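Fold and contact review
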Amino acid sequence: MYLPSTSYTGPSTTINSAAGTSTAGSSERTEHAFHQPANTHATNNAELVSEMAIVPAIPTSTHVHTSTTNTQAGETAADTEVNDETDDEAQGDEDSGQSEIMVPQPPYLGQRFDSFADAKEFYLTYAKFHGFAVNTEYHRKIKKTNEYSRGEMRCYKARRNKKGKGDAPVVPERKRDIIVKTECPVRCKLNVDGALWVVTEYFDEHNHELIKKFDPILSLIHNKNGSLSSMPYLPADVTNLKAKYHRESKLLDMEATIAYFDEKAKEDQDFFYRIRLDDEDRVRNMYWVDGAARRSYKHFRDCISFDATYLTNMYKMPCAPFIGINNHNQPLQFGCGLVRNEDTGGYVWLLKTFLECIGGLAPMNIITDQDFSMRAGIEQVFPLAVHRHCRWHIIKKAEETLGPFFADRPDLHKAFELCVDRSLTVEEFERSWMAMIETYQVQDHETLARLWEKRMYWVPAYFMQCFFPFLQTTQRSEGFNAVLKRYVSPGNSLLQFAKQYTALQQKILGSELHQEANTALKQPKLLTYLPMERQKSKIYTNTIFNKFQEEIKRASMYTAFQVDEHTFKVCSIMGMSDSEPEDPDKGRNYFVKASISEGLCEYYCQCCKFERDGIVCCHILKVMDLNAVTRMPRHFIRRRWTWDADDALAPQTSNAVLAVHDERPESTMEAVRHVVLTKNYAELIDEACKSDETARVAEKHKKALKRELDEIKKRKAEEAQVPPHIKCAFVHRAII
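Summarised in this report is the structure supplied together with it. (Residues numbered from 1 in each chain as written. Predicted model: local features only at pLDDT ≥ 70, side-chain atom pairs only at ≥ 80, totals over all residues. Heavy atoms only, no water.)

Let us now look at the overall build of the protein. For the protein, the count of helices and strands is 23 helices and 18 strands. The buried share among the 736 residues of the protein stands at 40%. Sequence-distant contacts in the protein: of pairs separated by 6 or more residues, those separated by 24 or more amount to 61%. For the protein, the accessible area works out to roughly 41200 Å², and carbon and sulfur atoms hold 53% of it. (Helix = DSSP H or I, 4+ residues; strand = E, 2+ residues; numbered from the N terminus. Buried < 20%, exposed > 50% of the residue type's maximum accessible area, 1.4 Å probe, protein only. Contact = heavy atoms within 4.5 Å. Areas by Shrake-Rupley, 256 points an atom, 1.4 Å probe, with all protein chains shown as cover.)

Okay, structure coming up:
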């Protein structure tokens, strides 16, 4: 993508937002250089639009020339044609490029055609313009001449579907091009009358919606010397026209994008963007992020998903979003990057720009797809971050050769899955892998050998102590890309993509606010009478609390007993449980290390769920229950999962212990109620304003609501005046 020609002073250029400046290569240029030519292009566009002005259509079914010269009666047809063409040219010059559009007219009773083919072409032109298709039927074949004497053209939705056709199948079928018939009565019948075909019957009222017409686009397609009636109504024409305008708009796209970013920076002081150009003033890389995401990053930088597998715009530049996880276990955007060349240099620039944007705070853990250029960039920019590859991508790629191989060896396939998914330690994984290779004699299999060489990048056992909550893949980024596809298409310009990305960001923020409101207003249902469950219900967000309740339920499937002073063995009481047993006949046993003394409660389970997901596992819960622990120790409550996780939270390490509020302050609850009720009542007001009747209903209920609120306020005021000792007496009587 090229930018308008400007002065150039070095091998690469970086365009900076007002938030700061940076350089790439040996030169620097601000965005002001791109704003100056914008008016020239706008003026040129205005001239183009004025040249495309359309003369109102003339209601006739035949070509009408714009000649202003009278022809003589004795002139030949050829002379008339020449004069008309000359006058058309003169008229075109006079109108500065304006030309007429011929609107196809419907057939009428008694209209004559030289042949049925001419009549069909006439009716098809009319049908294309008005948005419906035509089916043709012939009747009454004359035996002597083997020709038809009657013909009929019907709407494509005439008659009815055969039994079962047009109904939505329960299971999606491969063929889905069934046209649903509506018994549309539109038809045009013709009979032979001598050497001509005559319209004998015509009906033109459809009982269904017509196909959407592209009248504005078609008006731009026709040229100066043509007419709309002579042009095909084909989707390819519209697509080609759009592609042409997209190519022409590339020069203006970058200027408009920078102007859009500048407007966002004026609205949001923390908005940040960078644009990197090559030596031909083409965009190499882009990155932008809004202020809300920058402020959230320092709270939730413990796990980042980074993926660049989705092409998003007309320049074929992959989108590389930085996706985090908020305290409701929802995806959280930390900005978006676009890279033209997926090489190490491009990723290094993008990651350094990201690091600059978020104040030098590198992510603690990062998961990406299997891209070694990306890995090299991460090792260079984030040397201390734990980096793992997406397990799903690696297994999927390996299945191209392993799939047929495992199909003939089901026992080997089962052993492979147990080895990868069930190993809790590195030693256990490596021991199980070697045993699998030896047992099934697959030492020479190339794909298995490559997986072994890269094991430290993707096998879960190597990341048991690292915080990757509730995921082993880049599903966060893939889920974001799936949503992004509903907002943008590969044909979008940079400006269109940036605007749609902003819309998606607002939608995600709205979903986060909705979860916050649910946490504040809705008290989760308790499953047990355990004091620990009640404690967590007031601390965790509702989503995380639901996951904690799952661990409480799973704990009921185990029993625990003490092995030595600091070791407890947790065993399944069901023979086979959801704890992923090694032996399906017995179930897996887990060992929990515990150090219990006055003022100190330390637990460590070999499943490492607390280290991976940030919530206590069912095995530790069972040991706590065995030791009559009724409240969760503070160091087992990760602040990032609490309802106020982003409230003045300082940067933390994976083992940090921070203060946790056991109760939600009433001021916070009041603020949340205000936001939720304001939104809900704003929607009701919009509906109530649509008519006098709805307004009267709203006014009626407003008065009733006011009366109830006054009664509650009065009752609370009276209760506040009652002395405390009398209140206690009333409570005591109620209990008795």
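Here we come to helix α8 (residues 344-357). Here α8 is 14 residues long and its end C-alpha atoms lie 20 Å apart, about the 20 Å a rise of 1.5 Å per residue gives. Among the 14 residues of α8, 10 are classified as buried, and the element is accordingly described as predominantly covered. For α8, the complete set of buried residues consists of G346, Y347, V348, W349, L350, L351, T353, F354, L355 and C357. Phi for G359, located one or two positions after α8, is positive at around 75 degrees. (Expected span 1.5 Å × (residues − 1).)

Quick look at unusual backbone geometry now. Positive phi, close to 65 degrees, is recorded for N329, a residue that is not glycine. Residue class for N329 comes out buried when judged on its relative accessible area of 15%. The backbone phi angle of Q441 is positive, close to 50 degrees, even though this residue is not glycine. Tracing the chain through its elements places Q441 in the loop between α12 (426-440) and α13 (446-453).

What follows covers helix α10 (residues 391-407). One turn of an α-helix holds 3.6 residues; hence residues three or four places apart share an orientation. In a regular helix each residue adds 1.5 Å, so 17 residues correspond to 24 Å; α10 covers only 21 Å between its end C-alpha atoms and thus falls short of that length. By the largest-angle criterion, E400 marks the main kink of α10, which is about 60 degrees, and a proline, P404, follows within four residues. Burial in α10 covers these residues: I394, I395, A398, L402, F405 and F406. Where α10 is buried, its residues meet β14 (386-389), α11 (410-422), α13 and α14 (455-458). (Bend = angle between axes of the 7 residues up to and from the residue.)

Evaluation of the coordinates by the stated rule reveals 22 salt bridges. Ionic pairing is found between R154 and E152, a salt bridge with its closest N-O pair at 2.9 Å. Here E152 falls in the buried class, since its relative accessible area comes to 4%. In this structure, a network of salt bridges that share partners links the residues E551, K609, R612 and D613. (Salt bridge = Lys/Arg side-chain N within 4 Å of Asp/Glu carboxyl O.)

Attention now moves to the packing of α10 against α13. Across the interface, α10 lies against α13 with an axial gap of 9 Å and an inter-helix angle of 160 degrees. Put simply, α10 runs roughly antiparallel to α13. In terms of crossing hand, the pair formed by α10 and α13 is left-handed. Contacts between α10 and α13 involve I394, A398, T401 and L402 from the former and T447, L448 and L451 from the latter. Considered class by class, the residues forming the contact of α10 with α13 number 5 nonpolar, 2 polar and no charged. (Axes fitted to C-alpha atoms, helices over the stretch in contact; angles between N-to-C directions. Parallel < 35°, antiparallel > 145°, perpendicular 65-115°, else oblique. Left-handed = near helix turned anticlockwise from the far one by under 90°. Nonpolar A, V, L, I, M, F, W, Y, C, P; charged D, E, K, R; others polar.)

Moving on: the sheet that holds strand β15 (residues 558-564). Taken in spatial order, the 4 strands make up an open sheet running β15-β16-β17-β18, and their pairing is antiparallel. Unpaired on one side and paired on the other, β15 and β18 (600-605) mark the two borders of the sheet. Taking each pair of neighbouring strands and ignoring which way they run, the sheet shows an average axis angle of 25 degrees. Across 6 bridges, β15 lies against strand β16 (residues 567-572) in antiparallel orientation. Across the sheet, the residue bridging to D564 is T567, located in β16. (Pairing = 2+ DSSP bridges.)

So, about the packing of aromatic side chains. Under the definition given, this model contains 37 aromatic pairs. Measuring from ring centre to ring centre gives 6.1 Å for Y260 and F261, while their planes differ by 45 degrees; the resulting arrangement is tilted. In this structure Y260 comes out as buried when scored by relative accessible area, which is 16%. For F261, a relative accessible area of 1% puts it in the buried group. (Phe/Tyr/Trp six-rings, centres within 6.5 Å; stacked < 30°, edge-to-face > 60°.)

Once that is clear, we can look at the side chain of S537. Mapping S537 onto the fold places it in helix α17 (residues 531-537). For S537, a relative accessible area of 1% corresponds to the buried category. Within the structure, the side chain of S537 is placed 2.6 Å from the backbone oxygen of R534, a separation counted as a polar contact. (Polar contact = N/O pair within 3.5 Å; in protein donor to acceptor, adjacent residues only side chain to side chain.)

Position of F116 relative to the elements: it lies in helix α4 (residues 116-130). Along the sequence, F116 and G151 sit 35 residues apart, while their C-alpha atoms lie 7.5 Å from each other. Not counting residues within four places of it along the chain, the set of residues in contact with F116 comprises T136, Y138, G151, E152, M153, L190 and W197.

Moving on, we come to the packing of α11 against α12. It is the contact of α11 with α12, at a shortest axis distance of 9 Å, that shows an interaxial angle of 170 degrees. In terms of their interaxial angle, α11 and α12 are classed as roughly antiparallel. Residues D411, L412, A415, F416, C419, V420 and R422 of α11 touch α12, and the partners they reach there are E428, F429, S432, W433, M436 and Y440. Partitioned by chemical class, the residues of the contact of α11 with α12 number 9 nonpolar, 1 polar and 3 charged.

So, about the side chain of D371. Relative to the assigned elements, D371 resides in the loop between β13 (365-368) and α9 (372-381). The side chain of D371 is buried and forms no salt bridge, while K397, the nearest opposite charge, is found at 10 Å. Separated by 3.1 Å, the side chain of D371 and the backbone nitrogen of M374 make a polar contact. Leave out the neighbours within four places in its chain, and D371 touches E342 and Y347. (Lys, Arg positive; Asp, Glu negative; His and termini not counted.)

Let us look at the nonpolar core. F416, W433 and Y603 are the most contacted members of the largest nonpolar core, which totals 68 residues. Counting residues per element, this core draws most heavily on α10, which supplies 6 residues. Excluding residues within four positions of it along the chain, F416 makes contact with I395, F406, W433, M436, L448, L451 and W458. Counting residues in hydrophobic clusters, the runner-up holds 30 residues, among them V289, W349, F354 and A645. (Core = buried A, V, L, I, M, F, W, Y, C linked by side-chain atoms within 4.5 Å.)

A cluster of nonpolar residues, L677, Y681, L684, L705, L709 and I712, forms a patch on the protein surface that exposes about 550 Å² of accessible area. Those elements giving two or more residues to the nonpolar patch turn out to be α21 (666-688) and α22 (692-721). Relative to the helices and strands, Y681 resides in helix α21. (Patch = residues over 30% accessible without salt bridge, like charges linked within 9 Å, V, L, I, M, F, W, Y side chains within 5 Å.)

By the alternation rule, side chains of β13 split into N365 and I367 and I366 and T368, which are all buried. When β13 meets β14, the two strands line up parallel, connected through 4 bridges. Bridged to I367 within β14 is R388. The β-α-β motif built from β13, the intervening α9 and the parallel element β14 has right-handed crossover chirality. (Right-handed = clockwise from strand over helix to strand, strands pointing away.)

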